[in-house]
Amino acid sequence: MKQKNNFKLGLDMVMIFSLIFLMVPVSMGQTIHEWAGLVIAAVFICHIALNWKWIKKVSLCFWEKLQGKTRLNYILTLLMFSGFLFIIISGMYIAKTIDLSWLGISSGNLGMWKVIHSTVAYITFIIVGIHTGLNLGWVVNTLKKAVPTA
Amino acid sequence: MRTKLLDIFVIIIILAAGMYSFNYLDYVQKMNPQILIKAVTTEEAELGEGFHGGKGVFPGDDGDHRAERGLPEGGGFHQREGDAALGAGMEQVLAFAGVFAFTVTITSILDRKRIHRNAKLAEIDPKS
């Protein structure tokens, strides 16, 4: 359990730092931005899989007696899931350096996909900040257990 | 009393940081609905280079001449006049930190109040 939590924490740190760099495409160049976007999509799926028990548990008893904080966290999780889904899909449509035509993706109205990609990215980024703040308690506890005591 | 004053002081500081980061959403607010509608409903061939190419959305609009002014590539939502990548990156970090700190403060204040309220309830009725 301790190892799983440490792994989750490490993964979360990677996600946050990657996300900050991804929000500034000129910092890493278009190619790295697109490839990093695909990698973070995979990391994002891992994050959901690792926290699936919590998602399932709260989904089943959302309308029952639950702390307000937990409900808020759940709603934010749903919003982030939708946000990242839009970001990843729109990113695939506007990709310039990665050829995704084999997936049957044709850009069509590029302007629309760029608008969706940018807008949703900014909003989702703020929601991630709130989500991280709400889960700070877990982060601190996991760090305390991870650091070996003398 | 001192705790309450400290709470108020912290909230003011965090609100200031939070307001900066919400001002960051000015990027989103700057998206004129007309431009959004145009981008969504117009075929790509009829648009300019688009938001990322440094040119305008509308046909014949060549944007803000970024290359001529020696500014880095990119336009629209990700770059403002004179922004370097580092400056833009710092904005993202500050926005994230502001929202994060704001959430943490509000959460800890609400948690403390809940613990205090439960402790008082336990004093009144130990069985509850």
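Provided above is the structure to which this section pertains.
Residues numbered from 1 in each chain as written. Chains lettered and ligands numbered in written order. Predicted model: local features only at pLDDT ≥ 70, side-chain atom pairs only at ≥ 80, totals over all residues. Heavy atoms only, no water.

1. As for the overall build of chain A
Looking only at helices and strands, chain A features 6 helices and 0 strands. The N-to-C order of helical and strand elements in chain A reads α-α-α-α-α-α. Expressed as a percentage of the 150 residues in chain A, the buried residues total 41%. Taking the intrachain contacts of chain A between residues at least 6 apart in sequence as the baseline, contacts between residues at least 24 apart amount to 68%. (Helix = DSSP H or I, 4+ residues; strand = E, 2+ residues; numbered from the N terminus. Buried < 20%, exposed > 50% of the residue type's maximum accessible area, 1.4 Å probe, protein only. Contact = heavy atoms within 4.5 Å.)

2. Observations concerning the pattern of salt bridges
Pairs may arise between side chains of opposite charge once their charged atoms sit close together. Across all of its chains, the model carries 2 salt bridges over all chains by this definition. Taking the shortest distance from any N to any O, the salt bridge between D111(B) and K69(A) comes out at 3.8 Å. Residue D111(B) is found in helix α4 (residues 85–124), and its partner K69(A) is found in helix α4 (residues 68–94); the two belong to separate chains. A relative accessible area of 29% places K69(A) in the partly exposed class. (Salt bridge = Lys/Arg side-chain N within 4 Å of Asp/Glu carboxyl O.)

3. With respect to the packing of helix α3 (residues 52–60) of chain A against α4(A)
Residues and elements named next belong to chain A. Where α3 contacts α4, the axes come no closer than 11 Å and their chain directions differ by 115°. Here α3 is positioned roughly perpendicular relative to α4, judged by the angle of their axes. Here the hand of the crossing between α3 and α4 comes out left-handed. Here α3 contributes W54, I55, V58 and S59 to the contact with α4, which in turn contributes T70, N73, Y74 and T77. Of the residues contributing to the contact of α3 with α4, the split by class is 4 nonpolar, 4 polar and no charged. (Axes fitted to C-alpha atoms, helices over the stretch in contact; angles between N-to-C directions. Parallel < 35°, antiparallel > 145°, perpendicular 65-115°, else oblique. Left-handed = near helix turned anticlockwise from the far one by under 90°. Nonpolar A, V, L, I, M, F, W, Y, C, P; charged D, E, K, R; others polar.)

4. What to know about the packing of aromatic side chains
Residue and element names in this part refer to chain A. Applying the stated criterion across every chain yields a total of 6 aromatic pairs over all chains. Both rings, one in F62 and one in W63, keep their centres 4.9 Å apart while their planes meet at 90°; by these two values the pair is edge-to-face. By relative accessible area, which is 11% here, F62 ends up buried. In textbook terms, an aromatic cluster arises when at least three aromatic residues are bridged by ring pairs, as seen for W54, F62, W63 and Y74. Here the guanidinium or amino end of R71 rests over the ring plane of F62, the centre of that ring lying 5.6 Å away. (Phe/Tyr/Trp six-rings, centres within 6.5 Å; stacked < 30°, edge-to-face > 60°. Lys NZ or Arg CZ within 6 Å of the ring centre and 35° of its normal.)

5. Observations concerning the nonpolar core
In this structure, L19(A), F84(A), F125(A) and V128(A) are the most contacted members of the largest nonpolar core, which totals 22 residues. When contributions to this core are tallied by element, the ones reaching two or more residues are α1 (2–22), α2 (25–50), α4 and α5 (110–134) of chain A. Setting aside anything within four residues of it in sequence, one finds V128(A) in contact with L19(A), M80(A), F84(A) and F96(B). (Core = buried A, V, L, I, M, F, W, Y, C linked by side-chain atoms within 4.5 Å.)

6. Comments concerning α4(A)
Across its 27 residues, α4(A) extends 39 Å between first and last C-alpha, which sits within 8% of the 39 Å expected from 1.5 Å per residue. Along α4(A), the residues that are buried comprise N73(A), Y74(A), L76(A), M80(A), G83(A), F84(A), I87(A), S90(A), G91(A) and I94(A). (Expected span 1.5 Å × (residues − 1).)

7. Focus: the side chain of T142(A)
Residue and element names in this part refer to chain A. Tracing the backbone shows T142 in helix α6 (residues 136–146). Owing to a relative accessible area of 4%, T142 belongs among the buried residues under this scheme. In this structure the side chain of T142 is engaged in a polar contact, spanning 2.7 Å, whose partner is the backbone oxygen of W138. The contacts of T142, once residues within four sequence positions are left out, are N5, N6 and L9. (Polar contact = N/O pair within 3.5 Å; in protein donor to acceptor, adjacent residues only side chain to side chain.)

8. Things to note about the packing of α4(A) against α5(A)
Residue and element names in this part refer to chain A. One way to put it is that α4 packs onto α5 with a least axis distance of 8 Å and a crossing angle of 150°. With respect to each other, α4 and α5 are oriented roughly antiparallel. Crossing geometry of α4 relative to α5 is assigned as left-handed. Here the contact of α4 with α5 is built from residues that sort into 19 nonpolar, 8 polar and 2 charged.

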